[in-house]
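Spelled out, the chains give:
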Amino acid sequence: MKIVYTATATVTEGRAGGHARSSDGELDVKLVQPKEMGGPGVGGTNPEQLFAAGYAACFQSACRFLARQQGKAVTTSSATAHVGIGPRDAGGFALQVSIEIKLDGISREDAEDIAQKAHAMMCPYSNAVRGNVDVAVKVL
């Protein structure tokens, strides 16, 4: 694999009251533990929200790229990623993802085909978690 870009971020003090900052300073956020996990849930973000934003952005871009390759004119689009975290039966924690994609301007059949292909081969997040994280894709 030829690397074309590397993102670098440093976290201090972890997910419960920590801080995350990218090497270029564009990402600079306070981390708070979700209320459901015993934290205050306000006053910052958490790793699951950051992962959801990244996954949704990459998945939407992958879908739009594939649509352009196929000559399909997507007028507007949106992607929403729901990232759940919880304890595993085997110990530790795991993630579960559900992605909703909306591709306006093309048929539902084309949107389904594009979303499936984006998840199967194009989206780097889908490729990264395949076989380790349950991911459900839904076309709206």
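The structure we're discussing is the one just above.
Only a predicted model underlies this, so the values are computations on that prediction, with no experimental measurement involved.

Here we take up the layout of surface pockets. By volume, the largest pocket is sized at about 410 Å³. Forming the walls of the largest pocket are 13 residues, and the residues nearest its centre are Tyr5, Ala7, Thr8, Leu27 and Tyr125. The biggest single contributor to the lining of the largest pocket is helix H1 (residues 47–69), with three residues. Considering only residue class, the lining of the largest pocket consists of seven nonpolar, five polar and one charged.

In a regular helix each residue adds 1.5 Å, so 15 residues correspond to 21 Å; helix H2 (residues 108–122) covers 19 Å between its end C-alpha atoms and thus fits that length. Every buried residue belonging to H2 is among Ala111, Ile114, Ala115 and Ala118, and all of these are buried. The arc that holds the buried residues of H2, viewed along the axis, is 100°, so those residues lie on one side. Facing away from the buried surface of H2 by more than 90 degrees, the exposed residues are Glu109 and Met121. Check the buried side of H2 and you find it contacts H1, strand E5 (93–103) and strand E6 (134–139).

Pairing in this open sheet of three strands is antiparallel, and the strands run E1-E2-E3 from one edge to the other. Each having just a single partner strand, strand E1 (9–12) and strand E3 (28–30) make up the two edges of the open sheet. Along the sheet, successive strands turn relative to each other by an average axial angle of 15°, direction set aside. For E1 and strand E2 (residues 19–22), the ladder comprises four bridges, and the chain directions are antiparallel. Bridge assignment links Ala9 to a residue of E2, and that residue is Ser22.

Looking now at the packing of aromatic side chains. The relation between two aromatic rings is expressed through the spacing of the ring centres and the mutual angle of the planes. Applying the stated rule across the entire model yields three aromatic pairs. Ring centres 5.8 Å apart and planes at 85° place the aromatic pair Phe51 and Tyr55 in the edge-to-face group. Note that Phe51 and Tyr55 are positioned in helix H1 at a spacing of four residues, about one turn of the helix. By relative accessible area, which is 22% here, Phe51 ends up partly exposed. Residue classification places Tyr55 among the buried residues on the basis of a relative accessible area of 0%. Members of the aromatic cluster, joined through ring pairs, are Phe51, Tyr55 and Tyr125.

Basis of the calculations
- Every chain is numbered independently, its residues counted from 1 as its sequence is written.
- With the structure being a predicted model, the display of local features is reserved for residues of pLDDT at least 70 and the display and counting of side-chain atom pairs for 80 or more, all residues being used for whole-chain, interface and lining totals.
- Hydrogen atoms and water are omitted, and side-chain values are computed over all heavy atoms in the structure.
- Using a 1 Å grid laid over the protein atoms alone, points where a 1.4 Å probe fits but cannot get out form a cavity; open sets with protein on both sides within 12 Å along at least 5 of 7 lines form a pocket; any residue with an atom within 4 Å of a point counts as lining.
- Grid points are joined across faces, edges and corners, and a volume is the space filled by probe spheres set on the points.
- The numbering of helices and of strands both runs from the N terminus, where a helix is a DSSP run of H or I of at least 4 residues and a strand a run of E of at least 2.
- Put simply, Ala, Val, Leu, Ile, Met, Phe, Trp, Tyr, Cys and Pro go in the nonpolar bin, Asp, Glu, Lys and Arg in the charged bin, and everything else, Gly too, in the polar bin.
- Expected span of a helix: the number of residues minus one, times 1.5 Å.
- Only protein chains enter the area calculation, which uses a 1.4 Å probe; residues under 20% of their type maximum are buried, those over 50% are exposed, and those in between are partly exposed.
- What the arc measures is the spread of directions leading from the helix axis to the C-beta atoms.
- Should any heavy atoms of two residues lie within 4.5 Å, those residues are counted as being in contact.
- For two strands to count as paired, DSSP must find a minimum of two bridges between them.
- Axis geometry follows a simple rule: fit a line to the C-alpha atoms, using only the stretch in contact for helices, then measure angles between N-to-C directions, giving values from 0 to 180 degrees.
- Pairing of aromatic side chains here covers Phe, Tyr and the six-membered ring of Trp, requires ring centres within 6.5 Å, and sorts the geometry by plane angle: under 30 degrees stacked, over 60 edge-to-face, intermediate tilted.

Honestly, it's all geometry; don't read function into it.
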